Amino acid sequence: MLNGVGALLRGLWTTLKHSVRPAITVRYPEQKRTVSANFRGRHRLYRHDNGLERCIGCELCAGACPSQAILVEPAENDSEHPVSPGERYAKRYEINMIRCIFCGLCEEACPVDAIKLGPEYELSDYDRGSFVYTKEMLLDPEHYAPRRQVHADVDVPRPGYTDGGKGLSDLYGTYRPMSSSTPRAKRDEA
Amino acid sequence: MAEALPPVTVIIDGQEVRVPKGTLLIEAAKKAGVEIPVFCYHPKMKPVGACRMCLVDIQKMPRLQTACTTPVSEGMIVHTRNDRATAGQKAVLELMLANHPLDCPICDKGGECPLQDNTFKFGLGVSRFTEPKRKLAKAIPLSERIVLDRERCIMCYRCVRFQDEIAGDQALAAMDRAGTSQIGVLDGETFDSPFSGNTIDLCPVGALLSRQYRFRARPWDLQRTPSICAGCAVGCNVELHARDRALQRMVPRENMAINNEWLCDFGRFDTLPLGIERLREPAVDGQPTSWAEALESAAELLRSGPTEVIVSPSITNEALNAATTIARELKAGLGVWPATTGQVRRTIQDLVTSKTIILLGLDVWRALPVLALRVREALKAGGKLYFVGAGANGLWRDTSATFATVEELVQALTHDGALPQPISILGWGADALGDELAAEGMVGSPATAANGAAMTGLPKATFEAPVQLLVGNEDWPLRSSASARIQLRWSAAGDAADRPSIVLPLAHPYEQTGSLINLEGTVQQLHPGAAAPAAAHPDWLALAELAEALHISAAPDMETNAALA
Ligand code: SF4
Ligand code: SF4
Ligand code: SF4
Ligand code: SF4
Ligand code: FES
């Protein structure tokens, strides 16, 4: 009996204590919390400083994706107007955001740090078709930010990301255009 | 070669196997179910021991040995996975990768690359090299079909050996020595061999790649369908690779009775409906319309006049069957064009085992390319090749003697005893000569078109009837102004002057089922490896529908079709 009264009082005390503490919830959606630098939200594709796309259309992200959300159709770079450094680029790059489970394996698989999962999380929309994010949308998150998420308030500086990560262009920048001239057997000057 | 030799017992990784003496260790290991990594070794070519990937530890031998060049002997005890052997394999891979660009992400071989697979399975896992890698030219077009990446080449010589041993045209060569050695064509030449595509399959890295398939898909994107090449009467067994139901490339399937494991470039690259404008809709007098209406108009036209049904020798048996029924019921003439038909007795196997092969003016190299490779197999086993006639002979390098006439050949070759049997004779007049020489090999004038062997009895088309029903994708001769034409084809009808009255779109042979009979009489099935344009129908279905529009019962023939399918 006494035990019961004690438990009751203890419970009341807990309730009372919490009602006077400062709230740890935020008034979402009016207020938004700054997300951690490791947050896995909407994807972004990155560019090199010279404007070329980092993505080389290798399809490894698509191969790694457990929900088959990514479609990459590669093509050969035009040597006059290359889209990316090297021989190959993604002619078509799409992520189906309905299928994506935000696991981050695509970013893990990418050999050139072209894709990262960004901070945006308000991705709801009105029809299924608009969940297929094209390369254009992924390359330009400022312009194609989710329509109701105020972009700036979630975007914390993420070290090493916006300038595109490591200098792997050395490896993929060895491209010399396929010449139409007759191939030679001699050792070509490197 | 080994059948007469006595069997010996060897122990590989504790597994005891009995194999004929002289068997290569690598083959004995296969029999024991032990995997030894290889790059340069290929069961269809002579071993060279160039890459050192297959190092194994043989008891009582001071150093590691290459399994691909070592014949087994009695009581040999071999370890492929002990410390010594794995250390050797790891070292070989590490050195191989020291100068390999490892640009797998932009390499079309990635995902189906033996260098990736062997490194994953047998390699070190990390690299200790920090030095800069060798830089060489990348993406060098060797020909219209093949592109070479010198950085990726591991100098296994498979490609050079294929062109030398299998194709025999030595179109590729290895140049220079040691670290600077490289694969190439001679100065000023291009890699033009009708079999160059096979080097793409053979190259164990992404050094030789297809330009047609360049950057189109990854191996895991592909749906693979076994089918038959519709390029010629050899009927090579192939696998069609499609991405999202769109055809991307064709690769060979091994069938020792037909194509071994080779394809010719024409079949591999040019028979695919890529970059060819397709016929997408039925049309009457140039106006697009529905199938129902086009069939109605076609039926009306066919009933209106004396008709000739003309089939291409590349349509399926089922379509031929339906065309025959239509011709019979309409009392129309039935002809084939072009007349690339014919039949032989015996099989390709009998050709491969022949000791004497006589070509009567038939340029097998061009007309039936992969058959030429099978001829070369016979020659490698000690056969002799003779050519009669003044025409081109792509197998000239392997021809023992060329004669102007058959009489000359008989005179020159049989005066000191009969020619060694089995004798195979191919070309016009082969049957007569075959009887004269009592030939026991493949004898006859083979069909050259994909289903030509099925149409041997048909007369050549005359193109004289006022109404002509043309079935198949051929460059038909221009029509005279007096005639009306119904065409069933898959490529857009070419010349405007020849615009047919009615066209019906067909599926490409790689988009439909059906059967083809190859030159030796083997019936083989086509399987759809890709989606046809929405309004295109398989050739046999289009003809069955046409029969129905003509109120001809196609039922009995469709039953035969079902039995064939
Ligand atoms: S985050 Fe995961 S599920 Fe989403 S696209 Fe990337 S790999 Fe696929
Ligand atoms: S995003 Fe990265 S992994 Fe995906 S295709 Fe582009 S380069 Fe390859
Ligand atoms: S090109 Fe390929 S097949 Fe030829 S030697 Fe180099 S690695 Fe071997
Ligand atoms: S030999 Fe004939 S059947 Fe074989 S790949 Fe060439 S065209 Fe096709
Ligand atoms: S596979 Fe034996 S040396 Fe290359």
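Residues numbered from 1 in each chain as written. Chains lettered and ligands numbered in written order. Predicted model: local features only at pLDDT ≥ 70, side-chain atom pairs only at ≥ 80, totals over all residues. Heavy atoms only, no water.

**Concerning the overall build of chain B**
Summing up its helical and strand segments, chain B has 15 helices and 28 strands in all. The C-alpha radius of gyration computed for chain B amounts to 27 Å, which stays within 12% of the reference 24 Å derived for 565 residues, consistent with globular compactness. Seen through its C-alpha atoms, chain B measures out along the principal axes to roughly 90 × 65 × 50 Å. When contacts within chain B are restricted to residue pairs at least 6 apart in sequence, those whose partners lie at least 24 apart make up 64%. (Helix = DSSP H or I, 4+ residues; strand = E, 2+ residues; numbered from the N terminus. Rg over C-alpha atoms; globule rule 2.2 N^0.38 Å. Contact = heavy atoms within 4.5 Å.)

**So, the site of ligand 1**
As a matter of local geometry, ligand 1 sits amid 13 residues, with A:C65, A:S67, A:C100, A:C103 and A:C106 nearest to it. Among the residues forming the shell around ligand 1, the class breakdown is ten nonpolar, three polar and no charged. (Near = heavy atom within 4 Å. Nonpolar A, V, L, I, M, F, W, Y, C, P; charged D, E, K, R; others polar.)

**Observations regarding the nonpolar core**
Residues and elements named next belong to chain B. Membership of the largest hydrophobic core comes to 50 residues, with the highest contact counts inside it found for V234, L371 and L519. Contributions of two or more residues to this core are made by α4 (158-167), β12 (237-243), β13 (246-252), α9 (348-352), β19 (356-360), α10 (364-367), α11 (369-380) and β20 (384-388). Considering every element that reaches this core, the biggest residue donor is α11, with seven residues. Counting 39 residues, the second-largest nonpolar core is a separate cluster that includes A322, A327, I502 and L506. (Core = buried A, V, L, I, M, F, W, Y, C linked by side-chain atoms within 4.5 Å. Buried < 20%, exposed > 50% of the residue type's maximum accessible area, 1.4 Å probe, protein only.)

**Things to note about the packing of aromatic side chains**
Tallied over the full model, the rule gives seven aromatic pairs over all chains. The ring of B:Y213 carries the charged tip of B:R249 above its face, separated from the ring centre by 4.3 Å. (Phe/Tyr/Trp six-rings, centres within 6.5 Å; stacked < 30°, edge-to-face > 60°. Lys NZ or Arg CZ within 6 Å of the ring centre and 35° of its normal.)

**Topic: the packing of helix α7 (residues 291-304) of chain B against helix α14 (residues 539-549) of chain B**
Residues and elements named next belong to chain B. At a closest axis distance of 9 Å, the pairing of α7 and α14 adopts a crossing angle of 65°. Considering only the axes of α7 and α14, their crossing is right-handed. Where α7 abuts α14, its residues W291, L295, E296, A298, A299, L302 and R303 lie against A542, E545, L546 and A549. The residue makeup of the contact of α7 with α14, split by class, is eight nonpolar, no polar and three charged. (Axes fitted to C-alpha atoms, helices over the stretch in contact; angles between N-to-C directions. Left-handed = near helix turned anticlockwise from the far one by under 90°.)

**Observations regarding the domain arrangement of chain B**
Residue and element names in this part refer to chain B. According to the domain assignment, chain B contains domain 1 (7-98), domain 2 (133-210), domain 3 (220-270), domain 4 (283-341 + 452-564) and domain 5 (344-444). For domain 2 and domain 5, the distance between their C-alpha centres works out to 32 Å. The interface of domain 2 with domain 5 comprises eight residues on the first partner and seven residues on the second. Summing both partners gives a buried area of about 690 Å² for domain 2 against domain 5, and 61% of it is carried by carbon and sulfur. Joining domain 2 to domain 5, the criterion identifies zero salt bridges. Put simply, domain 2 and domain 5 have three residue pairs in polar contact (both at pLDDT 80 or more) between them. Considered class by class, the residues forming the side of domain 2 that touches domain 5 number four nonpolar, one polar and three charged. (Domains from an automatic or database assignment. Buried area = accessible area lost by both parts, 1.4 Å probe. Salt bridge = Lys/Arg side-chain N within 4 Å of Asp/Glu carboxyl O. Polar contact = N/O pair within 3.5 Å; in protein donor to acceptor, adjacent residues only side chain to side chain.)

**With respect to the sheet that holds β12(B)**
Residues and elements named next belong to chain B. Ordered by their spatial adjacency, three strands build an open sheet running β11-β12-β13, and the pairing between neighbours is antiparallel. Looking at which strands have only one partner, the edges of the open sheet turn out to be β11 (222-228) and β13. Within the sheet, the average angular offset between the axes of one strand and its neighbour, ignoring direction, is 30°. Pairing of β12 with β13, which is carried by six bridges, proceeds in the antiparallel orientation. Each bridged residue has a counterpart across the sheet, and for R243 the counterpart in β13 is A246. (Pairing = 2+ DSSP bridges.)

**As for the environment of B:T271**
All names here are of chain B. Counting through the fold element by element, T271 comes out in the loop between α6 (265-270) and β14 (283-284). On the basis of relative accessibility, which here comes to 9%, the residue T271 falls in the buried class. Sequence separation between T271 and C232 is 39 residues, and the spatial gap between their C-alpha atoms is 9.6 Å. When sequence neighbours within four positions are dropped, the list of residues in contact with T271 reads C229, G231, M250, F266, H508 and Y510.

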